[in-house]
Amino acid sequence: MVQKVFISSLLTLSKNIHIFIQDRTIIYLSLVYVLGHVIKSLGALPILGGQVVHTVLSLFGLSLIALGTGGIKPCVAAFGGDQFEEKHAEERTRYFSVFYLSINAGSLISTFVTPMLRGDVQCFGEDCYALAFGVPGLLMVIALVVFATGSKMYKRLPPEGNIAAQVVKCIWFAISNRFKNRSGDIPKRQHWLDWAAEKYPKQLIMDVKALTRVLFLYIPLPMFWALLDQQGSRWTLQATKMNGNLGFFVLQPDQMQVLNPFLVLVFIPLFDLGIYRLVSKCGINFSSLRKMAVGMILACLAFAVAAAIEVKIDGMAPPQPGSQEVFLQILNLADDELKVTVLDNGNNSLLAESIQSFQKSSNYYKLHMKTESQDFHFHLQYHNLSVYTEHSMEEKNWYSLIFHGDRKNVSSIVMKDTDNKRTNGMTVVRFVNTLNKDVNISLGLDISLSVGEGYGVSAYRTVKRGEYPAVHCRTEDEEFSLNLGLLDFVAAYLLVITNNTNQGPQVWKMENIQVNKMSIAWQLPQYALVTAGEVMFSVTGLEFSYSQAPSSMKSVLQAAWLLTVAVGNIIVLVVAQFSGLVQWVEFILFSCLLLVVCLIFSIMGYYYIPVKPEDIQEPADEDILHIQQSMISLETKTKL
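Values in this document were obtained by computation on a predicted structure and should not be read as measured data.

> So what's going on with the overall build of the chain? Residues and values would help.
When its secondary structure is counted, the chain shows 14 helices and 21 strands. Expressed as a percentage of its 640 residues, the buried residues of the chain come to 42%. The long-range fraction of contacts in the chain, counting pairs at least 24 apart against all pairs at least 6 apart in sequence, stands at 67%. Surface exposure of the chain reaches about 33900 Å², of which carbon and sulfur atoms provide 61%.

As structure tokens, then:
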């Protein structure tokens, strides 16, 4: 009787200690996460210190957020799985689907709400970044209160101490012990981890064996994340080179990222309630590892589609000047037709054109050079005038040569133009002022520029895509408005301010780089494919990691799963830094690499033997058995 009371007391004490440890771990790390948001919000306040203070606070806040996230994610996922017994394995699988769905629901909401908090609310006369960082922190506090309120309803497993440290020490001891006992006279052991038996308990060694079997399967996984996480980088850059006008709605390039969490919310119930059940009814054993392999294949197909779209975009872009080549556009702003002849240093004719006054043409003429930099001679015939002028140009550049004047005189200026690569997918404008007064132009709240008098030329300015029916302009003695019309995606405009009519100053608009006609909607198939792959790979992988981990290794394996995501991002950085490939070739490279990895993973999965629920001992039963054995041993010794 005393023995049972003593055992019960020990188990109750263990449970109480565990309640304190596990709840406090999640709560404390959540508080660190919240503190990171608070500091990040403070770093966004313009009245608090200077640029150095803002940078330090931002970096410190981000570090705390990273620390909190790294601690919370593996614990929360494993803690949720702990609430289900092995007989409820199907419900646990559904939980991981709902868990992943909730993460993406939060991502989808934040994508819409956070920009609204930043842009629609003004703090200290500018965008309110402090509010955009502070509101998520406040919502995390509310979530933390809700989590703590339900603590009495949670099922808790006994604590295991610092498992990660025990795993590392066990593996290190096994390796070092095996190295010390290399003699052939020493009997071999069944598994290399058995060499840790001299120091560590058998149960820990068995758990580490199970852990390493799953970790071995994790080796190919980072390649999948290397592809998936390019949605926010490479695919967004691709979207900047496409036309976001859908007719009923204008989609910005970075808004395409909303598709991923939105499609996750659609695909998770579709797969769980539809596709998986249909496959099961067809008698196909669609195991977790097979789902993950199919997810990899879908990601491969997504990047193949992305490569095909990139090839199409490159085919629609204007050609680039090569070595010892320049592209030249000639614009006539004079009041009548003129004839232009371009001569090289040897007075050989390279180009002869007749150009009407204010003739719109997006054509660039290719001129060949003998050196990297060369002077070109221009012969102008304008009414009875015959004028010679020369301009120096450098290879691999785009130029605009502008002629202006009246019947008595003609002059020219040469401008280096942007090209379709340097626009970076943005809409850019440049002004030429033909008035005899400086003009100040306001293109928005934070975009203004000044253009000098007498054919002064402004620098390029990036603007948002949209209609500009009344752009405010001001000279020293008058104000007026210019109708720029639609400034569309991925275009470069030359805007000439003139005053040739009785209606006051007007603008003459010329497209240096024409609007890209390829719709951004063509990215939908690749987003659908990669999101379907994500649902099959990531949701399944979370549940598989939990089900295959020993009870003491649940959080460790979840942390290892998240580590594969970080390694995948590093792969992207390395390939992008050192590959030097054009974008479509890089897409094909990633697709082929994942296909090879998928083949390797499939072979590894074929030989992997899944752990059955009955093979996993309940920690509580093990503790009771261990304590009972100790007590019986102690009682036996006492009797002796």
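> Tell me what's going on with the environment of Ile72, and back it up with residues and numbers.
Structurally, Ile72 can be placed in helix α2 (residues 51-81). With a relative accessible area of 12%, Ile72 lands in the buried category. A C-alpha to C-alpha distance of 6.3 Å links Ile72 and Leu29, two positions 43 residues apart in sequence. Among residues more than four places away in sequence, those in contact with Ile72 are Leu29, Ser30, Tyr33 and Met140.

> Account for helix α6 (residues 202-218), naming residues and giving values.
End to end, α6 covers 25 Å across 17 residues, agreeing with the expected 24 Å (1.5 Å per residue, within 8%). If you check which residues of α6 are buried, you get Leu204, Ile205, Asp207, Val208, Ala210, Leu211, Thr212, Val214, Leu217 and Tyr218.

> Which residues make up the environment of Ile186, and what values do they have?
Mapped onto the secondary structure, Ile186 falls in the loop between α5 (163-180) and α6. Those residues in contact with Ile186 that sit more than four places away from it in its chain are Asn181 and Trp195.

> I'd like a rundown of the side chain of Asn332, residues and numbers included.
Looking at the element boundaries, Asn332 is found in strand β3 (residues 325-332). The exposure class assigned to Asn332 is buried, which follows from its relative accessible area of 1%. Within the structure, the side chain of Asn332 is placed 2.9 Å from the backbone nitrogen of Ala334, a separation counted as a polar contact. Among all residues touching Asn332, those that are not within four sequence positions of it are Glu337, Leu338, Ile355, Gln356, Ser357, Phe358, Gln359 and Phe403.

> Kindly report on the packing of aromatic side chains, identifying the contributing residues and their values.
Two descriptors summarise a pair of aromatic rings, namely the distance from one centre to the other and the angle between the planes of the rings. Inspection of the entire model under this criterion finds 22 aromatic pairs. Ring centres of Tyr95 and Phe99 lie 5.9 Å apart, and the angle between their planes is 35°; on these two criteria the pair is classed as tilted. Taken together, the residues span about one helical turn, with Tyr95 and Phe99 both in helix α3 (residues 89-119) at a distance of 4 residues. A single burial state applies to Tyr95 and to Phe99, both of which are buried. A ring pair is formed by Phe96 and Tyr546, whose centres lie 5.8 Å apart and whose planes are at 50°; its orientation type is tilted. Of this pair, Phe96 sits in helix α3 while Tyr546 sits in helix α11 (residues 524-548); the two residues are 450 residues apart in sequence, bridging distant segments of the chain. Comparing Phe96 with Tyr546, the two get one shared label, buried. Put simply, the rings of Tyr218, Phe224, Trp225, Phe537 and Trp561 pair up and form one aromatic cluster. Looking at Arg189, its charged tip hangs above the ring of Trp195, at a distance of 4.2 Å from the centre. A cation sits over an aromatic face here: Lys291 above Tyr276, 3.9 Å from the ring centre.

> Give a description of the sheet that holds strand β4 (residues 338-343) that names residues and reports values.
Across the sheet, 4 strands lie side by side as β5-β4-β7-β8; this open sheet has antiparallel pairing. Both outer strands of the open sheet, β5 (349-355) and β8 (385-394), are each paired with one neighbouring strand and no more. Averaged over all adjacent pairs, the angle separating strand axes in this sheet is 20°, with direction ignored. Two strands pair when backbone bridges link them, and β4 and β5 are joined in this way by 6 bridges, in the antiparallel orientation. If you follow Val342 over to β5, its bridge partner there is Leu351.

> Go over the pattern of salt bridges with me, naming the residues and quoting the values.
Side-chain pairing between opposite charges can occur once the charged atoms of the two side chains come close. The tally for this structure, following the rule as stated, stands at 8 salt bridges. Residue Asp417 pairs with Arg430 through a salt bridge whose shortest N-O separation is 2.5 Å. Taken together, the positions of Asp417 in strand β10 (residues 409-417) and Arg430 in strand β11 (residues 427-433) put the pair 13 residues apart, joining distant regions of the chain. Assigned by exposure class, Asp417 and Arg430 land together as buried. With its nearest N and O atoms 2.4 Å apart, the salt bridge here joins Asp477 to Lys437.

> Hey, could you go over the environment of Leu193 for me, with residue numbers and the actual values?
Looking at the element boundaries, Leu193 is found in the loop between α5 and α6. Taking the C-alpha atoms as reference points, Leu193 and Arg178, 15 residues apart in sequence, are found 8.9 Å from one another.

> If you had to explain the packing of α6 against helix α12 (residues 554-578) to someone new, which residues and values would you point to?
Packed helices, taken two at a time, are described by the angle their axes make and the gap between the axes. As a packed pair, α6 and α12 sit with axes 11 Å apart at the nearest point and diverge in direction by 15°. Here α6 lies roughly parallel to α12, going by the angle between them. Between α6 and α12 lies a crossing whose hand is right-handed. Facing α6, whose interface residues are Leu211, Val214, Leu215 and Tyr218, α12 presents Val556, Leu557, Ala560, Trp561 and Thr564. A breakdown of the residues in the contact of α6 with α12 according to their chemical character gives 8 nonpolar, 1 polar and no charged.

> Let's hear about unusual backbone geometry: which residues, and what values?
The backbone of Phe358 shows a phi angle near 55°, a positive value even though the residue is not glycine. Here Phe358 shows up in the loop between β5 and β6 (365-368). Among the residues examined, Phe358 registers a relative accessible area of 22% and is labelled partly exposed. Phi at Tyr455 takes a positive value of approximately 65°, unusual for a residue other than glycine.

Thresholds applied
- Residues numbered from 1 in each chain as written.
- Predicted model: local features only at pLDDT ≥ 70, side-chain atom pairs only at ≥ 80, totals over all residues.
- Heavy atoms only, no water.
- Helix = DSSP H or I, 4+ residues; strand = E, 2+ residues; numbered from the N terminus.
- Buried < 20%, exposed > 50% of the residue type's maximum accessible area, 1.4 Å probe, protein only.
- Contact = heavy atoms within 4.5 Å.
- Areas by Shrake-Rupley, 256 points an atom, 1.4 Å probe, with all protein chains shown as cover.
- Expected span 1.5 Å × (residues − 1).
- Polar contact = N/O pair within 3.5 Å; in protein donor to acceptor, adjacent residues only side chain to side chain.
- Phe/Tyr/Trp six-rings, centres within 6.5 Å; stacked < 30°, edge-to-face > 60°.
- Lys NZ or Arg CZ within 6 Å of the ring centre and 35° of its normal.
- Pairing = 2+ DSSP bridges.
- Axes fitted to C-alpha atoms, helices over the stretch in contact; angles between N-to-C directions.
- Salt bridge = Lys/Arg side-chain N within 4 Å of Asp/Glu carboxyl O.
- Parallel < 35°, antiparallel > 145°, perpendicular 65-115°, else oblique.
- Left-handed = near helix turned anticlockwise from the far one by under 90°.
- Nonpolar A, V, L, I, M, F, W, Y, C, P; charged D, E, K, R; others polar.

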